[in-house]
Amino acid sequence: MNTTRTVQDEILRLKKEHDIRILAHAYQSQEILEIADDVGDSYGLSLKAQTAEQHTILLCGVRFMAETVKILSPDKKVLLSHPQAGCPMAEQISVNELAALKEAYKGYTVAAYINTTSELKTLCDVCVTSSSAVKIIRSLENKNILFVPDCNLGAWVAKQVPEKNIQLVKGGCPAHASIRAAQAKQALALHPGAKLLVHPECLPEVSSLADYAGSTTGIMDYAKNSTAAAFIIGTENSIIEHLQFACPDKQFYPLSPECICSNMKLTTLMDVLHCVQGTAGEEIVLPDTVMEQARRCIDTMLTLGAS
């Protein structure tokens, strides 16, 4: 009978045999992170794929992340661990809807959160990540910015870059947006002295209460480097388990038990095994024109100093 350990060992054997590099987003389960070559945020993983020696990349995450990997590594074979793993936020605005918005806001620079489809990126001027958004927006020459699709991240950026006229579009991550300020206050009362760390995809009323607001990687780094002993985590709840493994001497509490990404949870360890066996997963294939046009806004982000 298979166990977690025996399955992990077989994955490690097969990925080496078939020259596969496994990238795992931080929202994946602990047992998947343990067999991954690289773990991190979506954009950071796509950069790891670029410099990887392996020709085949297996992305354990969601579709837009695998698309970004393919855009930056067009000559590599890119596999998505589960074909149904999408992202509600990435799919909130269609190409036609963005085209209409661009018509309504002529002269605005269109800034797209990295959590968007490859097709949507073809209409955008620059991409941003949660860790680079403030720096990138501040660096843009244009004062007028159309920010898509996450209005909560956009509002967080706008507060820090008041010199820009940032037009927001209603959209965002359903899991993060479900968290309310009352929950944050309740958690702080329940765990006095604990630091509140949240992702800026949360509502502004939640982010404003935080000791730190930033990317998933930023949250994890803050908790690891802090001298504090306890933390309330306001992002996808798998991060709590990863931090418990990384910092066994510290305490971690969920801000909301409902902050779970069901799409991320679709990928199981057995899915990864079947992918490296060649019997599962989906190869990401994008038209050359889409990859070329979508890459322009990513390259602009790189030029402006993305992180």
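Structure shown above.
Criteria and cut-off values
- Residues numbered from 1 in each chain as written.
- Predicted model: local features only at pLDDT ≥ 70, side-chain atom pairs only at ≥ 80, totals over all residues.
- Heavy atoms only, no water.
- Helix = DSSP H or I, 4+ residues; strand = E, 2+ residues; numbered from the N terminus.
- Rg over C-alpha atoms; globule rule 2.2 N^0.38 Å.
- Buried < 20%, exposed > 50% of the residue type's maximum accessible area, 1.4 Å probe, protein only.
- Areas by Shrake-Rupley, 256 points an atom, 1.4 Å probe, with all protein chains shown as cover.
- Lys, Arg positive; Asp, Glu negative; His and termini not counted.
- Charge placed at Lys NZ, Arg CZ, Asp CG, Glu CD.
- Pairing = 2+ DSSP bridges.
- Axes fitted to C-alpha atoms, helices over the stretch in contact; angles between N-to-C directions.
- Contact = heavy atoms within 4.5 Å.

Engineer: Got a minute to help me understand the overall build of the chain in this structure?
Structural biologist: A tally of regular secondary structure across the chain gives 15 helices and 13 strands. In terms of C-alpha radius of gyration, the chain reaches 19 Å, essentially the compact-globule figure of 19 Å for 307 residues. Per-residue burial over the chain gives 54% buried out of 307 residues. When the accessible surface of the chain is totalled, it reaches about 13,200 Å², and 51% of it is carbon and sulfur. Treating the 27 positive side-chain charges of the chain as one cloud and the 34 negative ones as another, the clouds have centres 5 Å apart.

Engineer: Would you explain the sheet that holds strand 6 (residues 126-128) in this entry?
Structural biologist: Sheet strands associate in pairs through backbone hydrogen bonding, adopting either a parallel or an antiparallel arrangement. Pairing is parallel across the open sheet formed by 4 strands, whose spatial order is 6-5-7-8. Unpaired on one side and paired on the other, strand 6 and strand 8 (165-168) mark the two borders of the sheet. Going across the sheet, the axis of each strand differs from the next one's by a mean of 30°, ignoring polarity. Sheet topology note: the strand 5 (residues 109-113)/strand 7 (residues 144-148) ladder contains 4 bridges and is parallel. Across the sheet, A112 pairs through a bridge with V148, a residue of strand 7. In the packing of helix 5 (residues 95-104) onto the sheet, contacts are made with strand 5 and strand 7, and the angle to strand 7 comes to roughly 165°. Relative to strand 8, helix 8 (residues 151-160) is tilted by about 165°, and along the sheet it contacts strand 5, strand 7 and strand 8.

It is worth stressing that arrangement in space is one thing and function is another; only the former is reported here.
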